[in-house]
Structures are given as C-alpha cells and as structure tokens.
Amino acid sequence: MLAELSPALIAHVQKAAKLLAAQQRICVLTGAGISAESGIPTFRDKQTGLWENYRAEDLATPNAFARDPELVWSWYQWRRQLVADKTPNPAHVALAQWQQSASNHQQLTLITQNVDDLHEQAGSTVTHLHGNLWRNRCSQCQAPYEDQAQGMSDSNIRFDESLLTCPHCDGYIRPDIVWFGESLPAQAWQTAEDAAAHCDVFISIGTSSLVYPAAGLAQLAKQNGAKIIEINPDPTPNTIVDITLAEKAGVVMPLLMKHMAELS
Ligand code: APR
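Keep in mind that what you see is a predicted model, and the values were worked out from it rather than measured. (Residues numbered from 1 in each chain as written. Predicted model: local features only at pLDDT ≥ 70, side-chain atom pairs only at ≥ 80, totals over all residues. Heavy atoms only, no water.)

**Overview of the overall build of the protein chain**
Worth spelling out the cut-off: A run of H or I in DSSP counts as a helix once it spans at least four residues, and a run of E counts as a strand once it spans at least two, with each numbered from the N terminus. Between the two quantities, the radius of gyration covers C-alpha atoms and the globule rule is 2.2 Å times the number of residues to the power 0.38. Between two residues, a contact is recorded if the distance between any of their heavy atoms is within 4.5 Å. Only the protein chains shown count as cover for residues, with accessible areas throughout obtained via the Shrake-Rupley method and a probe of 1.4 Å. Charge counting follows a simple rule: Lys and Arg are positive, Asp and Glu are negative, and His as well as the terminal groups are ignored. For charged residues, the charge sits on one atom: NZ in Lys, CZ in Arg, CG in Asp, CD in Glu.
Counting its secondary structure elements, the protein chain contains 10 helices and 9 strands. In terms of overall size, the protein chain behaves like a compact globule, its C-alpha atoms giving a radius of gyration of 19 Å where 264 residues would be expected to give roughly 18 Å. By principal-axis analysis of the C-alpha atoms, the protein chain measures approximately 60 × 35 × 30 Å. Sequence-distant contacts, at least 24 apart, represent 70% of the contacts inside the protein chain between residues at least 6 apart. Put simply, the protein chain shows about 12800 Å² of open surface, and 50% of that area lies on carbon and sulfur atoms. Distance between charge centres in the protein chain, computed from 18 positive and 28 negative side chains, equals 6 Å.

Right, here's the structure in full:
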C-alpha cells in the first residue's frame, strides 16, 4: 500500500506524527467521511434507490417531519437498515487503539458528528454532537422511546416503516437526531468546546466543515493556539489547517499510528 502513496503525502504524515508524538492534548472531530469506507454514504453523496430524488438536507429537518412525518420516518428506517450491518474500518480501529493506549502523557478526546455507532463498535469512547441513529424519542413531549432501536446497531432487525406514537402523549416518535436548525445537546457541546479550546492539536477527519456549530470547533482550537490537521481526500473550506493529509481516513490513520509508534 505504501508504494501507491505519493512521497509528498508520506512526508506530510511523518510531519503530523512528529507533531502529535510531542503533544499532550489531542482533540479529534470526525464526520461522515470516516464511515464512508465502511459503506455508509456521506451526506453530500447523491442518495440511491427509492430516495434518489431526495436530498438528505431536505429530509433531516423539523419542518420536513412536521409536513410529512411518514416520509421522514421511513427515510430513517431505510437508513437504519442500510447502516445496521456496517462495521468499523481501519480508521475507526486506529483511533480506538490510540485512545485506549493513550497514557498519562496523552489524552485523546473524540467528538463525532456521525449518528452511527462505528466508533463505539471499534472500542472508542466518543461524544456524539448530532445524536444517535439507534435511539428514538417523542417529537412532542421529548420522552425517550425504547423499542427495537436501543442505542446500538443490530443487523437482525427489520425496521418497520409505519409511524409509532408516544405511550404518554400520543405524539409521533422521531429519531433522537439533531436536525438542521435544532440545538446540539448541551452537555455534548460543552465537552466538545472544552476539548477544542484546551487541545494542543485538533484533527478534523472526514468532514466537509460546512455545518456549524461543529465546523467552528477547529477555529476555536486555532484561536487557543492549537495546530490543525485535516484528513480528507477532497478540499474543504477550512482555511486554518496546518497539515493537510489528502487521502482516505482508512489509509491515513493506520499510517499515522505506525509513524507515531516508531517515534515513541
Ligand atoms: N476519508 C476521509 N474523508 C472522506 C472520505 C474518506 N474515505 N470519503 C469522503 N470524505 C469526506 C468528503 O470529502 C467530505 O468532505 O468526508 C466529507 C463528508 O462530508 P459531509 O457529507 O458533509 O459530512 P459531515 O461533514 O459529517 O456533515 C456534517 O451535516 O448533514 C449534516 O448532521 C449531518 O453530521 C452531519 C453534518
């Protein structure tokens, strides 16, 4: 695999490894791109099959659910079915190993915008900014709704498309996900802000850096003196990056870990 990578990329990975090995507090923000190599389409990918005429941005909103709850619910049930049998890829695994092996010398806080549970499956402790695909709650009284989807994926479940109603208030049940225009969970956001504001290095992996407030975490880190590393095969609007690793996360992360191990 190394032979296929450009010398420039390898040099950048070495530079990133050197920087990371010398620093203590690391904050990692992941987005849909880290799960792409596990077979989960990103948000900016065109949708397929039955949903090819819809844009994710038009379905993941409170207005869309208010207008047509059946449509939005069945899209999420389809997404659950799509994600249920997916497993972590080498990027999730490398991050989990790094987090687990971090000693007193290093602390790695992992924040994700993803609603899948691939970081957890790989063994990471992770803060979810945008909720959890496997949890439901009432759209009216907000009470958690426990049924088939109880916090972790399960490839044996068939996800029924009919709407469910709340046993307390009869409101429609919705996925416990942060939609466009909604506030982020306060505690998760506090954890993310603290980690970004106090880190030495901030690593952005597989995110388009388009959706705020998560996209502002790199700026917060930079303002507080952190170096910024970005792992993404495509360019992003993030202009404050110190080291760009322009390759897939599943290729870069294991290589980065290898170079860091050689330095320790
Ligand atoms: N490795 C790393 N990055 C990748 C890979 C890969 N293998 N494949 C794709 N990418 C990059 C793309 O180039 C893109 O920049 O991942 C990014 C995915 O961008 P988005 O689909 O916009 O995902 P994300 O940034 O997580 O979206 C943010 O928007 O739709 C909302 O709430 C939703 O959490 C989501 C948020």
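**Overview of the pattern of salt bridges**
Keep this limit in mind: By salt bridge we mean one thing: a side-chain nitrogen of Lys or Arg within 4 Å of a carboxyl oxygen of Asp or Glu. Accessibility here uses a 1.4 Å probe with only protein chains present; expressed as a share of the type maximum, an area under 20% marks a residue as buried, one over 50% as exposed, and anything in between as partly exposed.
Tallying each qualifying case throughout the model produces 8 salt bridges. Residue aspartate 85 pairs with lysine 86 through a salt bridge whose shortest N-O separation is 2.9 Å. Here lysine 86 falls in the buried class, since its relative accessible area comes to 18%. Of the charged contacts, one joins aspartate 176 and arginine 135 as a salt bridge, the two residues approaching to 3.3 Å between their closest N and O atoms. Taken together, the residues span a long stretch of sequence, with aspartate 176 in strand β6 (residues 173-177) and arginine 135 in strand β4 (residues 131-138) at a distance of 41 residues. For arginine 135, a relative accessible area of 39% translates into the label partly exposed. Salt bridges linked by common partners bring Arg135, Arg137 and Asp176 together as one network.

**Structural notes on helix α5 (residues 69-83)**
Selection criterion: By this rule, a helix spans an expected 1.5 Å times one less than how many residues it contains.
End to end, α5 covers 21 Å across 15 residues, agreeing with the expected 21 Å (1.5 Å per residue, within 8%). Here α5 has its buried residues at Pro69, Val72, Trp73, Ser74, Trp75, Tyr76, Gln77, Arg79, Arg80 and Val83.

**Describing the packing of helix α1 (residues 7-21) against helix α10 (residues 249-263)**
How two helices pack is summed up by the angle between their axes together with the distance between the axes. To keep things clear, this is the line we draw: Geometry is summarised by axes, namely lines fitted to C-alpha atoms with helices restricted to the contacting stretch, and by angles between N-to-C directions that run from 0 to 180 degrees. Our angle categories are set so that under 35 degrees counts as roughly parallel, over 145 as roughly antiparallel, 65 to 115 as roughly perpendicular, and the remainder as oblique. For a crossing to be left-handed, the near helix must be turned anticlockwise from the far one by less than a right angle; the clockwise case is right-handed. Throughout, the ten residues Ala, Val, Leu, Ile, Met, Phe, Trp, Tyr, Cys and Pro are labelled nonpolar, Asp, Glu, Lys and Arg are labelled charged, and all others, Gly among them, are labelled polar.
Between α1 and α10, the least distance of the axes is 9 Å, while the angle of their chain directions is 55 degrees. Between α1 and α10, the crossing angle belongs to the class labelled oblique. Considering the relative orientation of α1 and α10, their crossing is right-handed. Contacts between α1 and α10 involve Ile10, Val13, Gln14, Ala16, Ala17, Lys18, Leu20 and Ala21 on the former and, on the latter, Leu255, Leu256, His259, Met260 and Leu263. Considered class by class, the residues forming the contact of α1 with α10 number 10 nonpolar, 2 polar and 1 charged.

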